[in-house]
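Listed here are the chains, written in short residue letters.
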Amino acid sequence: MAYAGDVDVEAAFHAVTSSQDTVLVDVRTRAEWTFVGTPDLRASGKDVLLVEWQGFPAGAAVPDFVETLSAELSRRGVSKAAPIYFLCRSGARSMSAAIAMTSAGHSQCYNIAHGFEGPVSPDGHRGTVAGWKAKGLPWVQG
């Protein structure tokens, strides 16, 4: 099943911070959240939902991802029609998460292209070419 599509990080940031019912879900691992950082939405009075798509260190898919995220969205009163933006390191895991949640009945699931760190630069580093960090959007570490 398809999802609502890919959006760039700046469009996603604007959508999430300008609409109360819009949600940002970071599907990276706990290790990534801790050591690489997470988007910072505090200025808009919001937080980021942190739900792993794959576990660390094995990298295996988390079997109850849909159930876990669905329960948290329900607990927060988020309708199945609300826009949900999914973020990972580079846009691959978040696309899979957007597809899974669309299959679960959420009608506006978007993948954030290039994710938090984007692709590897010519000098071998992430976070400088594209993605949340490279665009200078707010984030915190630790």
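Check the entry above for the structure.
Residues numbered from 1 in each chain as written. Predicted model: local features only at pLDDT ≥ 70, side-chain atom pairs only at ≥ 80, totals over all residues. Heavy atoms only, no water.

**Details of the pattern of salt bridges**
Then, in step 1: With the rule as written, the count across this model stands at six salt bridges.
Then, in step 2: Linked through salt bridges whose partners overlap, the residues forming this network are Asp47, Glu72, Arg75 and Arg76. (Salt bridge = Lys/Arg side-chain N within 4 Å of Asp/Glu carboxyl O.)

**Observations concerning helix H4 (residues 92–103)**
Then, in step 1: With 12 residues, H4 extends 17 Å between its outermost C-alpha atoms, agreeing within 8% with the 16 Å of an ideal straight helix rising 1.5 Å per residue.
Then, in step 2: Where H4 is concerned, the buried positions are Arg93, Ser94, Ala97, Ala98, Ala100, Met101 and Thr102.
Then, in step 3: In this structure, the buried side of H4 is in contact with helix H2 (30–35), helix H3 (65–75), strand S5 (83–87) and strand S6 (108–112).
Then, in step 4: Glycine 105, located one to two residues past H4, shows a positive phi value of around 105°. (Helix = DSSP H or I, 4+ residues; strand = E, 2+ residues; numbered from the N terminus. Expected span 1.5 Å × (residues − 1). Buried < 20%, exposed > 50% of the residue type's maximum accessible area, 1.4 Å probe, protein only. Contact = heavy atoms within 4.5 Å.)

**What to know about the pairing of S5**
Then, in step 1: Among the five residues in S5, five count as buried, and that is most of the element.
Then, in step 2: Where burial is concerned, the two faces of S5 agree: the one with Pro83, Tyr85 and Leu87 and the one with Ile84 and Phe86 are both buried.
Then, in step 3: Where strand S2 (residues 23–26) meets S5, four bridges bridge the pair, whose relative direction is parallel. For leucine 24, the partnering residue across the bridge sits in S5 and is tyrosine 85.
Then, in step 4: By the bridge criterion, four bridges tie S5 to S6 in an arrangement that is parallel. From the neighbouring strand, tyrosine 85 faces S6, where its bridge partner is tyrosine 110. (Pairing = 2+ DSSP bridges.)

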